[in-house]
Amino acid sequence: MAPDTVSLRYFLVLAKELNFTRAAARIGVAQPALSARMRRLESELGTALLVRNTRSVELTTAGAALAESAPSALAALDRAWDTARSAAAGELGTLRIGYSLSTGAGTAPALVDRLIHGNSGLEVGAVPMATPEISPAVADGRIDAGITRGEQPGRGVRRLLLRRLRVGVQLAQHHPLAEQPEIEIADAAAYPLRLPDRAANPVVHDQLSALFRDIRPHPRLHTPAVSFDMSQRDLRDGVTLAPAGEAALTAQPAGLTWRPLRGAPGLTIHLVLPQEQSPLHRRIRAVAEALAHELHWLPG
């Protein structure tokens, strides 16, 4: 049986002091208690570690060997305990986060940066995914967490409201409506409106198209062939407007700007986690909640 680590640590202090009185004072225990622990340690090892006399203490050959080898063993044990505590706190391991491109402009990078900051044992990988795939991927364990725009449907997951965004439109800087600090919904509806493909994000598509449901005549709505057009040519030409959340301001392409729509309800961004949560999942949630509070993502 290996000796208990408390007695072993006491022994190392005594091996340095070679005096029971000084060692007991340094440790903060009574001298009889220290003597009793040393006798028990010797009994467990089956050999004498100390040669005692009225004035001093000397180490036996076994005691000297233990004094030399024990510090590295205790240091390794301390590292093992620290590793276990870090794992239990969600500070150790690998996290896979899926996010929709529409949330990648500001929310996903901020969360990833905060997760890895000060946690050298935590590896975080983030990958863009089609929005409808994110919740199922979290539920079946292909990814550990997801960031989605809108409260996407899906079983086996929990959703945390992470951010509320004002709704507006992206448009060319030279567009006549860009001169207004806020744009009326009816004024925006006079121009062709580009919406995300419903197959790619039905929740957000329906929410944005609902803004113009009561406008007469009905605005011209169209969806591009690709779900995320990096060129934004139709917007830069000043022909089309694109309803979008204010996160569009974070990575605004050259020649474009964003203006809020007056009276429009906000969009939401959610953190998606599995129903059964590990320490890593709890770590993500705690960091996300702190970040949302710090950056005022959920204004009262």
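Please refer to the structure placed before this passage.
The rules behind these values
Residues numbered from 1 in each chain as written. Predicted model: local features only at pLDDT ≥ 70, side-chain atom pairs only at ≥ 80, totals over all residues. Heavy atoms only, no water. Helix = DSSP H or I, 4+ residues; strand = E, 2+ residues; numbered from the N terminus. Buried < 20%, exposed > 50% of the residue type's maximum accessible area, 1.4 Å probe, protein only. Contact = heavy atoms within 4.5 Å. Areas by Shrake-Rupley, 256 points an atom, 1.4 Å probe, with all protein chains shown as cover. Polar contact = N/O pair within 3.5 Å; in protein donor to acceptor, adjacent residues only side chain to side chain. Pairing = 2+ DSSP bridges. Axes fitted to C-alpha atoms, helices over the stretch in contact; angles between N-to-C directions. Parallel < 35°, antiparallel > 145°, perpendicular 65-115°, else oblique. Left-handed = near helix turned anticlockwise from the far one by under 90°. Nonpolar A, V, L, I, M, F, W, Y, C, P; charged D, E, K, R; others polar. Core = buried A, V, L, I, M, F, W, Y, C linked by side-chain atoms within 4.5 Å. Expected span 1.5 Å × (residues − 1). Arc of directions from axis to C-beta. Salt bridge = Lys/Arg side-chain N within 4 Å of Asp/Glu carboxyl O.

A. Main features of the overall build of the protein chain. For the protein chain, the count of helices and strands is 10 helices and 12 strands. Residues counted as buried form 41% of the 300 residues belonging to the protein chain. Considering only contacts within the protein chain whose residues lie at least 6 apart along the sequence, 73% involve residues at least 24 apart. Carbon and sulfur atoms make up 54% of the accessible area of the protein chain, which amounts to about 15,700 Å² in all.

B. Inspection of the environment of Arg22 at higher detail. Tracing the backbone through its elements, the reader meets Arg22 in helix α2 (residues 20–27). Exposure remark for Arg22: the relative accessible area of 46% places this residue in the partly exposed category. Engagement of the side chain of Arg22 in a polar contact is seen with the backbone oxygen of Glu17, the distance being 2.8 Å.

C. A look at the sheet that holds strand β10 (residues 242–245). If you walk across this open sheet you meet the 3 strands as β10-β7-β11, and the pairing is antiparallel. Only two strands of the sheet have a single partner each, and these edge strands are β10 and β11 (256–260). Strand-to-strand, the axes of this sheet are offset by a mean angle of 40°, without reference to chain direction.

D. Focus on the side chain of His270. Among the structural elements, His270 can be located in strand β12 (residues 267–274). Once residues within four sequence positions are removed from consideration, His270 is found in contact with Gly146, Ile147, Thr148, Gly150, Glu151, Arg159, Leu160, Leu161 and Leu162.

E. Quick peek at the pairing of strand β7 (residues 167–172). The buried fraction of β7 amounts to 6 of the 6 residues, a majority that puts the element mostly inside the structure. In this structure, β7 lies alongside β10, joined through 4 bridges in antiparallel fashion. Opposite Val167, over in β10, you have Gly245 as the bridge partner. In this structure, β7 lies alongside β11, joined through 5 bridges in antiparallel fashion. Looking across to β11, one finds that Gln170 is bridged to Trp258.

F. Region of the structure containing the packing of helix α5 (residues 107–116) against helix α10 (residues 279–294). One can describe the packing of α5 onto α10 by two numbers: an axis separation of 10 Å at closest approach and a directional angle of 120°. With respect to α10, the element α5 is oriented oblique. Crossing geometry of α5 relative to α10 is assigned as right-handed. Facing Ala110, Leu111, Arg114 and Leu115 of α5, the residues of α10 in contact are Arg283, Ile284, Val287, Ala288, Leu291 and Glu294. Split into classes, the residues belonging to the contact of α5 with α10 amount to 7 nonpolar, no polar and 3 charged.

G. Broad picture of the nonpolar core. Counting 44 residues, the largest nonpolar core has Leu111, Leu115, Ile147, Phe212, Leu261 and Leu271 as its most contacted members. Residues Leu12, Met38, Leu49 and Leu50 belong to the second largest nonpolar core, which totals 19 residues.

H. Structural context of helix α1 (residues 5–17). For α1, built from 13 residues, the straight-helix expectation of 18 Å at 1.5 Å per residue is met to within 8% by its first-to-last C-alpha distance of 19 Å. For α1, the complete set of buried residues consists of Ser7, Leu8, Tyr10, Phe11, Leu12, Val13, Leu14 and Ala15. Positioned one or two residues after α1, Leu18 has a phi angle of 50°, which is positive.

I. Representation of the environment of Ile134. Relative to the helices and strands, Ile134 resides in helix α6 (residues 131–139). On the basis of relative accessible area, Ile134 is assigned to the buried category, the value being 0%. Residues Ile134 and Ile147, 13 residues apart in the sequence, show an inter-C-alpha distance of 7.8 Å. Apart from residues no more than four positions distant in its own chain, Ile134 is found in contact with Gly98, Tyr99, Ser100, Met129, Ile143, Gly146, Ile147 and Thr148.

J. Geometry of α5. Three or more residues of α5 are buried, namely Thr107, Ala108, Leu111, Val112 and Leu115. Seen from one end, α5 has its buried residues packed into an arc of 120°, which puts them on one side.

K. Seen up close, the environment of Pro265. Mapping Pro265 onto the fold places it in the loop between β11 and β12. Put simply, Pro265 and Arg166 are 99 residues apart on the chain and 7.2 Å apart in space, counted from C-alpha to C-alpha. What Pro265 contacts, discounting residues up to four positions off in sequence, is Val167 and Leu211.

L. Main features of the pattern of salt bridges. Scanning the entire structure with this criterion turns up 11 salt bridges. Asp140 serves as the salt-bridge partner of Arg142, at 2.9 Å between the closest nitrogen and oxygen. Under the relative-accessibility criterion, Arg142 is labelled partly exposed at 48%. Of the charged contacts, one joins Arg285 and Glu289 as a salt bridge, the two residues approaching to 3.2 Å between their closest N and O atoms. A residue pair is termed a helical-turn pair when its members lie 3 or 4 positions apart in one helix, as Arg285 and Glu289 do in helix α10 at 4 residues.

By themselves, these observations are geometric and do not establish any function.
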